Amino acid sequence: MSQPASYSGIALVTPVSLGYSKVSEHSAGWFIGSVLREMIDAAGIGKADVDGLAVSSFSLAPDSVSFLAQHYDMTLRWLEQLPFGGASGVLAMRRAARAVQCGDADIVACIGGDTSQAGSFRDLVANFSSFSNSASYPYGSGGPNAAFAMITQRYMDKTGATREDFGQLAVSQRYNAQHYSPALLGDKPLSMDDYLAAREIASPVHLYDCVMPCCGGEGFLLMSTQRAEDLGLDYVSILAADERHNAFPDDPVQLRGGWPLFSDQLYASAGIGVDSIDLLQTYDDYPVISMLQLEGLGFCKPGEAADFVRSNALTFDGGGLPHNTSGGQLSGGQAGAAAGYLGLVESIRQLTDSAVDNQVANARHAMVSGYGMINYDRGLCSAAAILKRGGS
Amino acid sequence: MPATFNTALPSVNGLCLQHCSKCGHINYPVRELCGKCLGDSLVWQNVDGGGTVQSVTALHYPLEQNFSAQLPWRIASVKLDVGPVAFAHLQPDSVCGARITLSIAQDEAGNNVLVAKGDKDSASEWLSAIKYTEIRT
């Protein structure tokens, strides 16, 4: 199998997260355009300098990314719309990087943005996909809670992981969220006792295993390192990135995503080992999925993530492996497809020292993982990237 | 109002799934082309409903009224002996690892859905308790 070419010469800049709240009167286009405005301001460029736009949103319809060009009065030469849920950020980054490397665009804005209204989550779940409509929703109408409850139960049966192990992730992420002001649940402390005492939603999934649907926007600009340096911007480089879709289709229940199919090559391409990863952002729609990422990306062996989270501090300042340093979705809220950019945007903040109260000390390398699209019984998209602080 | 679902399952006694007359693959969830060979030759065929429960969840907050009569509502992920994995309404007392029989039944709203029956003696009691009817053809 051929391997992805180098991502050298590419810079990720101007991380922006905004607009997090439970519901909003605004449309998805407001969130996406607001992120764009903030990124342009932060970069000190004009709107006309942005010639590529990559967008992910569950709530943009009936509009699409091409319509946004007119909304924002921009003439663009590269467009991409990525309906990949939690994998959207890494996938947008990969495609935009190739566009800039090949001269198809100079500056690409990569943005995830979604609005949220009362009842919109139900509408999304009830009509998510044809498989889901015919073979998942009619069985209890539990939405993702049902599918992930069954993955979680199977994982516990197979590995011996306990609720307290999942709680390690949730509790440490809440601690991180308490140091990141936009996180929606950052003002509510969560102890292990609170976690364990929560009401059951879909056994064995309890309240603090579930994300809170919300609205918000996340984005970054992607350009050449030369351009970033000319603009005087702190930037992050991509050492390696890859993706797989519908990996291991014959596994009766998903106990691994696509990561084991490319993680060895990812480290080889990056030229660093797992020990050199200073912080990890997983896609945490449920704690069990973060466990699958810890295993699939080589932080521990398959089935041993419970041991890993018991023996490693996961807080941003705990000296272990800082994980989901802004609180992730579990404590920050799941802003639709923007949640697929959250970990990437937070990593760019961390590696440019622009995190505020949750800055990881001396972070050089970050692993960002994406996971998304529960078509039926499992998430189909897996992606990951290793990022490095820019400059020498 | 109980919701209407588009399960696309036929009104047939037992279990009936899409069989590819070109490569023999049994397909589920319902689709238009064979997932194995992409052939356009799928026909509904009665298949063995035997399977093993892979995982179970009990839902406390269904989004639709159809499931509020008996909470928490239990569903299972079942690996069928004939190949596919299917979600199904699960008879009480059936647990992970249990052998079950999958068949099509009709709920109160007229939806044809998959039910996973464990203990044969009490299966019809369970179905009538949740107001599901077995399809007689």
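Since the structure is predicted, the reported quantities are computational estimates derived from the model, not experimental observations.

Caption draft 1: Just the overall build of chain A, in detail. Within chain A, the regular secondary structure consists of 14 helices and eleven strands. Over its C-alpha trace chain A gives a radius of gyration of 19 Å, about what one expects of a compact globule, namely 21 Å for 392 residues. For chain A, the spread of C-alpha atoms along the three principal axes comes to 55 × 45 × 45 Å. Expressed as a percentage of the 392 residues in chain A, the buried residues total 58%.

Caption draft 2: Geometry of the overall build of chain B. When helices and strands are tallied, chain B shows one helix and nine strands. Listing the helices and strands of chain B from first to last along the sequence gives β-β-β-β-β-β-β-β-α-β. Principal-axis analysis of the C-alpha atoms places the extent of chain B at approximately 45 × 35 × 30 Å. Restricting to contacts in chain B with at least 6 residues of sequence separation, those with at least 24 account for 55%.

Caption draft 3: The interface of chain A and chain B, seen in detail. Contact residues are listed per partner, giving 29 residues for chain A and 33 residues for chain B. Breaking the side of chain A that touches chain B down by element, the ones donating at least two residues are helix 4 (120-126), helix 5 (130-135), helix 6 (144-159) and strand 5 (200-202) of chain A. Counting residues per element, the side of chain A that touches chain B draws most heavily on helix 6 of chain A, which supplies six residues. Tallied by class, residues from the side of chain A that touches chain B come to 15 nonpolar, nine polar and five charged.

Caption draft 4: Fine view of the environment of Glu304 of chain A. As for its position among the elements, Glu304 of chain A is in the loop between helix 11 (287-296) and helix 12 (305-311). Residues Glu304 of chain A and Ile374 of chain A, spaced 70 residues apart in sequence, show a C-alpha to C-alpha distance of 24 Å.

Caption draft 5: Spotlight on the domain arrangement of chain A. All names here are of chain A. As far as domains go, chain A holds domain 1 (10-119 + 215-230) and domain 2 (139-211 + 236-389). Each of domain 1 and domain 2 has a C-alpha centre, and these two points are 23 Å apart. Contacts between the two partners involve 30 residues from domain 1, matched on the other side by 35 residues from domain 2. Secondary structure elements with two or more residues in the side of domain 1 that touches domain 2: strand 1 (10-21), helix 3 (88-101), strand 4 (108-114) and strand 7 (215-224).

Caption draft 6: Summary view of unusual backbone geometry. All names here are of chain A. A cis amide bond links Ala61 to the next residue, Pro62, at an omega of 10°. At the junction of Ser203 and Pro204, the peptide bond is cis and its omega measures out at 0° in the coordinates. Topologically, Pro204 is positioned in the loop between strand 5 and strand 6 (205-206). Positive phi, close to 50°, is recorded for Phe248, a residue that is not glycine. Within the fold, Phe248 resides in the loop between strand 8 (236-245) and helix 10 (263-270). By the C-beta count within 10 Å, which is 14 here, Phe248 ends up partly exposed.

Caption draft 7: Here's a closer look at the sheet that holds strand 2 (residues 26-27) of chain B. Read from one edge to the other, the open sheet built from three strands follows the order 2-1-3 (chain B), with strand pairing classed as antiparallel. Looking along the sheet, the strands with just one partner apiece sit at the ends: strand 2 and strand 3 (42-47) of chain B.

Caption draft 8: The arrangement of the nonpolar core in detail. Counting 163 residues, the largest nonpolar core has Met93, Val108 and Leu222 of chain A together with Ala88 of chain B as its most contacted members. Inspection of this core shows a minimum of three residues originating in each of domain 1 (10-119 + 215-230) and domain 2 (139-211 + 236-389) of chain A.

Caption draft 9: Representation of the pairing of strand 8 of chain A in the model. Residues and elements named next belong to chain A. A large share of strand 8 lies buried, amounting to seven of its ten residues. Both strand 8 and strand 11 (residues 379-389) contribute to a ladder of nine bridges, which runs antiparallel. By the bridge assignment, Ile238 is partnered in strand 11 with Leu387.

Caption draft 10: Seen up close, the confidence of the model for chain B. Overall, the predicted model of chain B reaches an average pLDDT of 95, with 99% of residues at or above 70. Overall fold confidence (pTM) sits at 0.97, and the ipTM for the predicted complex is 0.97.

Caption draft 11: Structural view of the packing of helix 7 (residues 163-177) of chain A against helix 11 of chain A. Residue and element names in this part refer to chain A. Put simply, helix 7 and helix 11 touch, their axes get as near as 9 Å, and they point 95° apart. As judged from the angle between their axes, helix 7 and helix 11 are roughly perpendicular. Counting all contacts with helix 7, which are made through Phe166, Leu169 and Ala170, the residues of helix 11 involved are Pro287, Val288 and Ser290. When its residues are assigned to classes, the contact of helix 7 with helix 11 shows five nonpolar, one polar and no charged.

Caption draft 12: Representation of helix 7 of chain A. Taking 1.5 Å of rise per residue, 15 residues should cover 21 Å, and helix 7 of chain A covers 21 Å from first to last C-alpha, within 8% of that figure. With 13 of 15 residues buried, helix 7 of chain A lies mostly within the body of the structure.

Caption draft 13: Region of interest: the packing of helix 3 of chain A against helix 14 (residues 339-351) of chain A. All names here are of chain A. Put simply, helix 3 and helix 14 touch, their axes get as near as 6 Å, and they point 65° apart. By the angle class used here, helix 3 and helix 14 are roughly perpendicular. On helix 14, the residues that touch Ser88, Gly89, Val90 and Met93 of helix 3 are Gly340, Tyr341, Gly343 and Leu344. Across the contact of helix 3 with helix 14, the residue classes break down as four nonpolar, four polar and no charged.

Caption draft 14: Inspection of the pairing of strand 5 (residues 73-80) of chain B at higher detail. All names here are of chain B. Most of strand 5 sits out of view: seven of its eight residues are buried. Bridge count for strand 4 (residues 50-59) against strand 5 is eight bridges, and the pairing is antiparallel. Bridge assignment links Leu59 to a residue of strand 5, and that residue is Trp73. Taking the residues between adjacent antiparallel strands as the criterion, strand 5 and strand 6 (residues 85-90) are bridged by four residues, where Gly83 takes a positive phi near 130°.

About the criteria used
- Residues numbered from 1 in each chain as written.
- Chains lettered and ligands numbered in written order.
- Predicted model: local features only at pLDDT ≥ 70, side-chain atom pairs only at ≥ 80, totals over all residues.
- Helix = DSSP H or I, 4+ residues; strand = E, 2+ residues; numbered from the N terminus.
- Rg over C-alpha atoms; globule rule 2.2 N^0.38 Å.
- Buried ≥ 20, exposed ≤ 12 C-beta atoms within 10 Å, placed from the backbone.
- Contact = placed C-beta atoms within 7 Å.
- Nonpolar A, V, L, I, M, F, W, Y, C, P; charged D, E, K, R; others polar.
- Domains from an automatic or database assignment.
- Pairing = 2+ DSSP bridges.
- Core = buried A, V, L, I, M, F, W, Y, C linked by C-beta atoms within 7 Å.
- pLDDT = per-residue confidence, 0-100.
- Axes fitted to C-alpha atoms, helices over the stretch in contact; angles between N-to-C directions.
- Parallel < 35°, antiparallel > 145°, perpendicular 65-115°, else oblique.
- Expected span 1.5 Å × (residues − 1).

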